[in-house]
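Analysis of the macromolecular model
Listed here are the chains, written in short residue letters.
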Amino acid sequence: MLPLTPPRTPLTLAPARRAWRLALPVEAIVLLACVWFTVAANRGFVQAALKGRDAGDLGAWGFGAALVLGVLLLHWLLLTLVCNRWTVKPLLALLLVATAFASFYMQQYGVYLDPSMLRNVLRTDVKEAGELLGPALLLYPLLYAVLPLLVLWRLDVKTWSWKRSLLVRLGLLAAALVALVATLLAVFQPFSSLMRNQKDLRYLITPANYLWSLASVAGADARANRGPRQAIGTDARPGPSWAAQQRPRLLVLVVGETARAANWQLSGYARATTPQLAKLPLLSFPYATACGTNTETSVPCLFAPVGRRDYDEARIRGSESLLHVLARAGVGVTWRDNQSGCKGVCEGLPTQTVLDINPPGLCKDGRCLDEGLLHGLPDMLRQARGTQLLVLHQLGNHGPSYFRRYPEAFARFQPECRSDDLRSCSREEIVNAYDNALLYTDEVLARLVGQLQAAAPVLDSALVYLSDHGESLGESNLF
């Protein structure tokens with residue numbers, strides 16, 4: 001019998017497999033990843049740090065080189081401390097993907113990934129996140145995540161004895177720490193001045209920025225969730241005038257979203273963005289400052305016993321709000337929401353959502369127009385008893401999809417931006433869409449005033465409108 005021919009496939013493919021793979025120690029794999037992070041994700045930090053320096057100045061080049069080396073060494077030290085032969089590839093794979101997304105949005109919107117922004121990201125609902133996903137997001141991760149992931153996949157972890165591994169790692173960590181300290185000392189004066197005068201720049205160092213911020217948010221949440229919220233205003237009681245009250249009383253507090261004073265007609269804006277409110281005998285307070293530039297920070301601060309001047313995030317998140325004090329004093333408090341919730345300020349109190357109410361013709365794809373906040377309000381006014389507080393939380397001018405916040409009838413300022421990707425629109429188009437959304441808020445508020453006036457024979461009422469925070473519309477290229 002002739003001998004069987006051995007299979008040829010394993011003999012021909014094995015060398016090819018080996019040719020496409022490279023074995024490196026953990027420390028070297030981490031170094032490659034940190035070089036990629038430094039080059040691909042920290043251009044914004046270096047550019048901001050060198051802003052205003054002369055390109056022909058050798059000192060500026062030396063300072064820039066020191067910053068790049070410092071960022072590289074910082075990340076290598078941090079990651080080497082937590083990476084080993086089992087965790088290095090999964091951890092780096094996760095960081096490559098997260099850093100690609102972080103870099104995209106930092107460049108797209110000019111955001112700083114500080115703790116407040118990370119908290120905002122973590123609390124963003126599905127609809128808000130969906131509006132931030134565009135075609136540009138598909139290409140960016142392909143270049144900045146998929147390609148380095150392919151390289152990482154082809155790397156094998158080279159292993160040594162545990163004694164040699166320990167000695168090598170300790171030696172490299174010590175050398176990197178000495179190099180980092182020496183680098184910072186070489187540029188200490190300009191670097192310390194930069195960090196002291198522009199503290200926010202540290203939140204451009206990626207991925208350290210979102211890792212630090214994520215840990216900060218997790219720690220703050222853990223401290224806040226150790227027990228029930230601290231009770232405040234425990235001595236709140238109805239005042240003497242309440243006993244003599246003959247008619248129901250209602251205060252409607254409308255919490256707007258991202259309506260900035262610079263585009264508010266009642267505050268001096270040249271455009272007629274609040275034409276109906278301008279005809280009413282109302283009081284306008286043009287000077288107000290928010291606690292933050294996102295709902296997650298600003299709304300809790302609005303209802304906190306401490307304001308912006310004495311801002312204390314841990315105290316605010318760990319305490320009851322003004323609404324709880326009013327409820328304790330006998331006020332009937334109701335929160336009606338058309339956004340992503342009350343951020344804890346109405347915890348345990350009666351709440352409603354426009355999406356659950358589902359007013360006819362006002363809701364689509366999980367979002368509702370702000371008119372839905374007024375649905376059924378005339379009946380509520382007729383049935384009101386005692387002293388009531390109704391909080392209406394608007395979707396308002398929530399970006400970046402301003403054009404989705406109003407019906408077509410309010411698209412009066414043209415041309416308007418009709419894209420979720422603001423980079424595809426001119427600044428004029430973005431401002432027009434933003435102002436159209438304010439026009440719609442004017443309509444909603446004017447209609448609310450009319451309903452309160454119609455209930456005047458049976459109800460004493462007042463209306464207060466305020467926005468939780470403002471918005472940048474291209475100033476300093478920030479959106």
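Residues numbered from 1 in each chain as written. Predicted model: local features only at pLDDT ≥ 70, side-chain atom pairs only at ≥ 80, totals over all residues. Heavy atoms only, no water.

**Some thoughts on the nonpolar core**
Counting 89 residues, the largest nonpolar core has Val30, Phe45, Leu392, Tyr406 and Leu448 as its most contacted members. Looking at this core element by element, the count peaks at 12 residues for helix α18 (residues 427-454). Dropping the residues within four chain positions of it, Tyr406 is found in contact with Leu369, Ala411, Glu416, Ala433, Asn436, Ala437 and Tyr440. Val345, Leu349, Leu389 and Val391 belong to the second-largest nonpolar core, a separate cluster that totals 14 residues. (Core = buried A, V, L, I, M, F, W, Y, C linked by side-chain atoms within 4.5 Å. Buried < 20%, exposed > 50% of the residue type's maximum accessible area, 1.4 Å probe, protein only. Helix = DSSP H or I, 4+ residues; strand = E, 2+ residues; numbered from the N terminus. Contact = heavy atoms within 4.5 Å.)

**What about the packing of aromatic side chains?**
Tallied over the entire structure, the rule returns six aromatic pairs. Lying over the aromatic face of Trp160, Arg164 brings its terminal NZ or CZ to 4.4 Å of the ring centre. (Phe/Tyr/Trp six-rings, centres within 6.5 Å; stacked < 30°, edge-to-face > 60°. Lys NZ or Arg CZ within 6 Å of the ring centre and 35° of its normal.)

**Here we look at the environment of Thr334**
Relative to the helices and strands, Thr334 is located in strand β4 (residues 332-337). Residue class for Thr334 comes out buried when judged on its relative accessible area of 16%. Along the primary structure Thr334 and Leu92 are separated by 242 residues, whereas in three dimensions their C-alpha atoms are 47 Å apart. Aside from chain neighbours lying at most four places away, what touches Thr334 is Pro350, Gln352, Leu389, Leu390 and Val391.

**A few points about the state of the cysteines**
Following the criterion strictly, the structure yields four disulfides and no others. Residue Cys291 pairs covalently with Cys301 via a disulfide, S to S 1.9 Å. Taken together, the residues span a long stretch of sequence, with Cys291 in the loop between β3 (249-256) and α13 (295-302) and Cys301 in helix α13 at a distance of 10 residues. Each bonded cysteine in the protein gets a number by its place in the sequence, and the pairs come out as 1-2, 3-4, 5-6, 7-8. Unpaired in this structure, Cys34 has its nearest cysteine sulfur neighbour in Cys83, at a distance of 8.4 Å. (Disulfide = S-S within 2.5 Å.)

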